Amino acid sequence: MAASARARELAMAAAQAAADKKAQDIVIIDVSDQLVITDAFLLASAPNERQVVAIVDAIEERLVGLPEKAKPVRREGERAGRWVLLDYVDLVVHVQHTEEREFYALDRLWKDCPTIPFVDRALVEAEAGAAE
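Keep in mind that what you see is a predicted model, and the values were worked out from it rather than measured. (Residues numbered from 1 in each chain as written. Predicted model: local features only at pLDDT ≥ 70, side-chain atom pairs only at ≥ 80, totals over all residues. Heavy atoms only, no water.)

Draft legend 1. Representation of unusual backbone geometry. Located in the positive-phi region is Val89, a residue other than glycine, with phi close to 70°. Mapping Val89 onto the fold places it in the loop between strand S4 (83–87) and strand S5 (91–97). In the Ramachandran plot, Ala105 falls in the positive-phi region, its phi being about 45° despite a non-glycine side chain. Of note, Ala105 is situated in the loop between helix H3 (98–104) and helix H4 (106–109). What makes Ala105 buried here is its relative accessible area of 8%. (Helix = DSSP H or I, 4+ residues; strand = E, 2+ residues; numbered from the N terminus. Buried < 20%, exposed > 50% of the residue type's maximum accessible area, 1.4 Å probe, protein only.)

Draft legend 2. Highlighting the sheet that holds S4. Read from one edge to the other, the open sheet built from five strands follows the order S1-S2-S5-S4-S3, with strand pairing classed as mixed. In this open sheet, the two strands that pair with only one neighbour each are strand S1 (24–30) and strand S3 (74–76). Strand-to-strand, the axes of this sheet are offset by a mean angle of 10°, without reference to chain direction. Looking at chain direction, S3 and S4 are connected through three bridges and run antiparallel. From the neighbouring strand, Arg75 faces S4, where its bridge partner is Leu86. Running at roughly 175° to S1, helix H1 (residues 5–20) makes contact with S1, strand S2 (40–46) and S5 of the sheet. (Pairing = 2+ DSSP bridges. Axes fitted to C-alpha atoms, helices over the stretch in contact; angles between N-to-C directions. Contact = heavy atoms within 4.5 Å.)

Draft legend 3. Main features of the nonpolar core. Among the nonpolar cores identified, the biggest contains 30 residues, and Leu42, Ile59, Leu63, Tyr88, Leu91 and Val93 are the most heavily contacted of them. At the level of secondary structure, the elements contributing two or more residues to this core comprise H1, S2, helix H2 (49–64), S4 and S5. If sequence neighbours within four positions are ignored, Tyr88 has contacts with Leu10, Ile59, Glu60, Leu63, Ala70, Lys71, Pro72 and Val93. Counting nine residues, the second-largest nonpolar core is a separate cluster that includes Leu85, Val92, Trp110 and Cys113. (Core = buried A, V, L, I, M, F, W, Y, C linked by side-chain atoms within 4.5 Å.)

Draft legend 4. Here's a closer look at the packing of aromatic side chains. Scanning the model with the defined rule gives three aromatic pairs in all. When the ring of Phe41 is compared with that of Trp110, the centres are 5.3 Å apart and the planes differ by 85°; the resulting orientation is edge-to-face. A residue pair is termed long-range when its members are at least 10 positions apart, and Phe41 in strand S2 and Trp110 in the loop between H4 and helix H5 (121–131) qualify at 69 residues. What makes Phe41 buried here is its relative accessible area of 8%. By relative accessible area, Trp110 is classed as buried at 18%. Ring centres of Trp83 and Tyr104 lie 4.9 Å apart, and the angle between their planes is 50°; this geometry places the pair in the tilted category. Here Trp83 is found in strand S4, whereas its partner Tyr104 is found in helix H3, with 21 residues between them in sequence. Residue Trp83 is classed as partly exposed on the basis of its relative accessible area, which comes to 27%. You can call Tyr104 partly exposed: its relative accessible area is 44%. (Phe/Tyr/Trp six-rings, centres within 6.5 Å; stacked < 30°, edge-to-face > 60°.)

Draft legend 5. Representation of the environment of Asp57. Positionally, Asp57 belongs in helix H2. Separated by 27 residues in the primary sequence, Asp57 and Asp30 have C-alpha atoms spaced 23 Å apart. Aside from chain neighbours lying at most four places away, what touches Asp57 is Arg75 and Glu78.

Structure below.
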């Protein structure tokens, strides 16, 4: 069973919000076949704590602004700014400092799960502008 339409909607909106704040290595993993508690993970990283917090704030702002508002049911790790987890039930967002991302390697842990493609809107617009 693939991730729900709602999980995909949240993941795409959150990924774009993260990309807009210059998050690195944005990956959406469909964990719906492996977990019953959520459909997808969004992984993103940043080189410093301040940017981690800025990315988290942007994601929350974007998801609460959706037509069908989404607020996290749980939020962890914001104080340290090294690894912040936002639980939206259908989607769990992990924004990590680059060092934590490399150390904990969630990408490798869930490597058997399919990814959901995400392309940053800014890259698409830049490529379209270059082609003209």
